[in-house]
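Summary of the model geometry
The primary structure of each chain is shown beneath.
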Amino acid sequence: MSTEREPTKQERRDAARAARIEAEQADAAAALRRRRLRTLLTVLGAAAVLVVVAIIVSSSGDSNSAKSRPGAAQKSTGAIPGQKESAEMLAGIPQSGIHLGSPSAPVRLVEFADLQCPFCREYTLQTLPQLVQDYVRSGKVRMEFRDLAFLGKDSVTAGRHAAGAGQQNKLWNFIDVLYYNQGEENTGYVTPSFLHTIDKAAGVDSAKADAFAASAASLVPIKQANAMGDQLRVQSTPTVFVGKRGGALQQVEAGPTDVAAFKQAIDGVLGQA
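Residues numbered from 1 in each chain as written. Predicted model: local features only at pLDDT ≥ 70, side-chain atom pairs only at ≥ 80, totals over all residues. Heavy atoms only, no water.

1. Looking at the pairing of strand 4 (residues 141-147)
Rules: Only protein chains enter the calculation, and the probe is 1.4 Å; a residue is then buried if its accessible area is under 20% of its type maximum, exposed if over 50%, and partly exposed in between. Strands are runs of DSSP state E lasting at least 2 residues, helices are runs of H or I lasting at least 4, and numbering of each runs from the N terminus. Strands are labelled as partners when DSSP assigns at least two bridges between them.
Of all seven residues that make up strand 4, six are buried, and the element is covered over most of its length. The pairing of strand 2 (residues 99-100) with strand 4 spans two bridges and is antiparallel. Note that in strand 4 the partner of His99 across the bridge is Glu144. Note that strand 3 (residues 107-113) and strand 4 share seven bridges and pair parallel. Of the residues in strand 4, the one forming a bridge with Arg108 is Arg142.

2. What about unusual backbone geometry?
The residue after Thr237, namely Pro238, is reached through a cis peptide bond having omega -5°. Along the chain, Pro238 falls in the loop between helix 8 (220-231) and strand 5 (239-244). Positioned with a positive phi, Asn186 is a non-glycine residue whose angle comes to about 55°. Residue placement: Asn186 occurs in the loop between helix 5 (171-180) and helix 6 (192-202). Asn186 sits in the partly exposed class, given a relative accessible area of 34%.

3. Description of the nonpolar core
Quick note on the threshold: Joining through side-chain atoms within 4.5 Å is the link that ties buried Ala, Val, Leu, Ile, Met, Phe, Trp, Tyr and Cys residues into a set, and such a set is a nonpolar core. Any two residues whose heavy atoms approach within 4.5 Å at even a single point are treated as in contact.
Within the largest apolar cluster, 56 residues are counted, with the highest numbers of intra-cluster contacts made by Leu109, Met143, Trp172 and Phe174. It is helix 3 (residues 118-136) that contributes the most residues to this core, eight residues altogether. Among all residues touching Leu109, those that are not within four sequence positions of it are Tyr123, Leu131, Val141, Arg142, Met143, Glu144, Val240, Phe241, Val242 and Ile266.

4. Considering the sheet that holds strand 1 (residues 95-96)
To keep it simple, the criterion reads: Only the contacting stretch of a helix is used when fitting its axis, a line to C-alpha atoms as for every element, and angles between N-to-C directions run 0 to 180 degrees.
Read from one edge to the other, the open sheet built from six strands follows the order 1-2-4-3-5-6, with strand pairing classed as mixed. Here the strands that pair on one side only, and so sit at the sheet edges, are strand 1 and strand 6 (250-251). With respect to the sheet, helix 8 is in contact with strand 3 and strand 4, its orientation differing from that of strand 4 by roughly 105°.

5. Observations regarding helix 6
Within helix 6 the residues assigned to the buried category are Phe194, Leu195, Ile198, Asp199, Ala201 and Ala202. Packing partners of the buried residues in helix 6 comprise helix 2 (83-90), helix 4 (153-167), helix 5 and helix 7 (206-213).

What follows is the structure in structure tokens.
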């Protein structure tokens with residue numbers, strides 16, 4: 001004869017309520033992800049859609065390889081793709097956590113991104129190097145990377161490890177090399193082995209990055225990015241804002257590879273600084 005106690009009516013109601021809240025939170029998160037992705041495709045327009053179609057077609061023959069996207073055709077001579085290019089682009093430029101460039105730069109540039117986002121990869125490989133060379137290296141612009149990590153589990157895993165790289169002032173090296181080697185979204189490719197390979201190419205101490213990524217502190221930059229993104233009504237990635245240091249930020253209305261539009265926006269702020 002079983003002596004197990006039957007749950008009371010109140011306990012059953014509490015359990016049902018907890019399950020309902022959990023389901024509502026999951027639905028809300030999924031809805032936010034869908035909304036941001038829909039907005040992303042709308043903003044980037046038909047040209048971006050064509051790029052995605054081309055990517056899918058070109059990569060369908062080898063599902064185990066890294067995705068082939070605009071920028072992948074760039075010659076890479078490092079031990080892994082992007083290692084040499086990243087080191088050369090960032091050499092001598094000060095980094096501090098999420099920031100790249102001189103703290104006294106008159107212009108602030110804020111990038112909202114996701115490390116799995118294919119359009120963020122386009123921006124990083126094709127636009128970022130020119131902006132770094134023309135504005136950050138010269139001390140005119142200081143950049144900051146705001147990781148929304150909303151596309152899935154791999155985004156969060158990569159984002160927490162990136163935060164560990166940021167603790168070593170190597171965030172920009174890490175994310176640049178990672179974008180060169182970005183895999184298929186949410187396929188579980190962001191493994192410890194993958195991250196450690198990126199670490200080695202980016203000059204990151206893997207043991208220290210692992211330890212930080214395992215701590216609650218590694219979620220803080222992601223939470224801060226999402227709070228700031230909500231305040232600025234960010235709905236897609238990449239989204240870039242520019243403004244005078246200490247002043248209001250204005251969104252740059254441009255596709256990820258429209259270098260001229262980004263330069264025009266920065267020059268406009270420089271003219272006011």
